[in-house]
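Here is how the chains run, residue by residue.
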Amino acid sequence: ARTIVDVGGQDTKGIRLDAGGGVENFVMNDKCAAGTGRFLEVMARVLDCPIGQLAQLAGQGEAPVSISNLCTVFAESEVISHLAAGVSQANVAAGAIRSIATRITGMAGRVGVVPQVVMTGGGALNGALVDALRKTLEQPVQVLGNPQVMGALGAAVFAREQAQKETRE
C-alpha cells in the first residue's frame with residue numbers, strides 16, 4: 001500500500017507511505033464529525049435505517065441527491081428536508097454516501113494519493129462507501145479483512161518493535 005484512508009468513528013486519516021512503508025505524509029480530520037463514521041451513524045439514524053443496512057439502502061438509490069453541507073449537524077437538517085420533500089430514503093442515503101466519499105477524497109488529495117490505496121477503519125465495512133470512494137478517487141481501493149482493527153494491529157506491532165529495540169539496548 002502507498003495510500004491509506006482510515007475512516008474511524010470520530011476521525012478520518014489520509015496517510016501516504018514511501019516505498020519502504022514509512023509515513024511520507026499524513027492528514028487527519030479531527031475538527032468535526034464530517035467524513036467520519038459518526039456522520040454515517042447520524043445519517044442512518046435520520047433515515048431510520050440500522051447502520052449495518054445503510055450500504056444496502058444507498059445501493060438502491062437511483063438518483064442520489066446532493067448533500068452539500070459538510071457539517072454533520074447541517075447535513076442532518078438537509079437530509080430531513082430532502083425526506084420531507086418526498087425524496088426516497090435510498091436516494092438520500094446514496095447522496096449521503098457520495099457526500100462523505102467526496103469529502104474523504106478531498107482530504108486524501110492533500111496527502112497526495114498514490115496507488116495502491118487501502119481503506120481501513122470501521123467505515124471500510126460500508127461497501128457503498130468503499131465503492132463511492134473508488135469512483136471519487138478514480139482508482140481501486142482495497143479493503144483487507146477486519147478493517148476496523150487495522151489501527152490497533154499497527155499499534156501493537158509498533159509497540160512490540162519498540163519493546164524489542166529496548167531489550168536489545
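These notes cover the structure that comes with them.

Okay, the environment of glutamine 10 next. The residue glutamine 10 is located in the loop between β1 (3-7) and β2 (12-17) in this model. It is 16 Å that separates the C-alpha atoms of glutamine 10 and alanine 44, two residues lying 34 residues apart in sequence. In this structure glutamine 10 touches Asn29, Cys32, Thr36 and Arg38, once residues within four positions along its chain are discounted.

Attention now goes to the packing of helix α1 (residues 37-46) against helix α3 (residues 72-84). Where α1 contacts α3, the two axes come as close as 10 Å, and the packing angle between them is 25°. Judged by the angle between their axes, α1 and α3 are roughly parallel. Crossing of α1 against α3: the hand is right-handed. Here Phe39, Val42, Met43, Arg45 and Val46 of α1 come into contact with α3, specifically with Thr72, Ala75, Glu76, Val79, Ile80 and Leu83.

On to the nonpolar core, then. In this structure, Leu47, Leu54, Ile97, Met119 and Leu129 are the most contacted members of the largest nonpolar core, which totals 38 residues. Of all the elements in the fold, those that place two or more residues in this core are β1, α1, α2 (54-59), α3, α4 (89-111), β4 (117-120) and α5 (127-137). The biggest single contributor to this core is α4, with ten residues. Beyond its immediate chain neighbours, meaning those up to four positions away, methionine 119 contacts Val5, Val7, Ala124, Leu129, Val130, Leu133, Val141, Gln142, Val143 and Pro147.

Moving on, we come to the sheet that holds β4. If you walk across this open sheet you meet the five strands as β3-β2-β1-β4-β5, and the pairing is mixed. Looking at which strands have only one partner, the edges of the open sheet turn out to be β3 (23-29) and β5 (141-143). On average, adjacent strands in this sheet sit at an angle of 20° to one another, irrespective of strand direction. Pairing between β4 and β5: three bridges, direction parallel. Note that in β5 the partner of methionine 119 across the bridge is valine 143.

Reading the values: the criteria
Residues numbered from 1 in each chain as written. Predicted model: local features only at pLDDT ≥ 70, side-chain atom pairs only at ≥ 80, totals over all residues. Heavy atoms only, no water. Helix = DSSP H or I, 4+ residues; strand = E, 2+ residues; numbered from the N terminus. Contact = heavy atoms within 4.5 Å. Axes fitted to C-alpha atoms, helices over the stretch in contact; angles between N-to-C directions. Parallel < 35°, antiparallel > 145°, perpendicular 65-115°, else oblique. Left-handed = near helix turned anticlockwise from the far one by under 90°. Core = buried A, V, L, I, M, F, W, Y, C linked by side-chain atoms within 4.5 Å. Buried < 20%, exposed > 50% of the residue type's maximum accessible area, 1.4 Å probe, protein only. Pairing = 2+ DSSP bridges.

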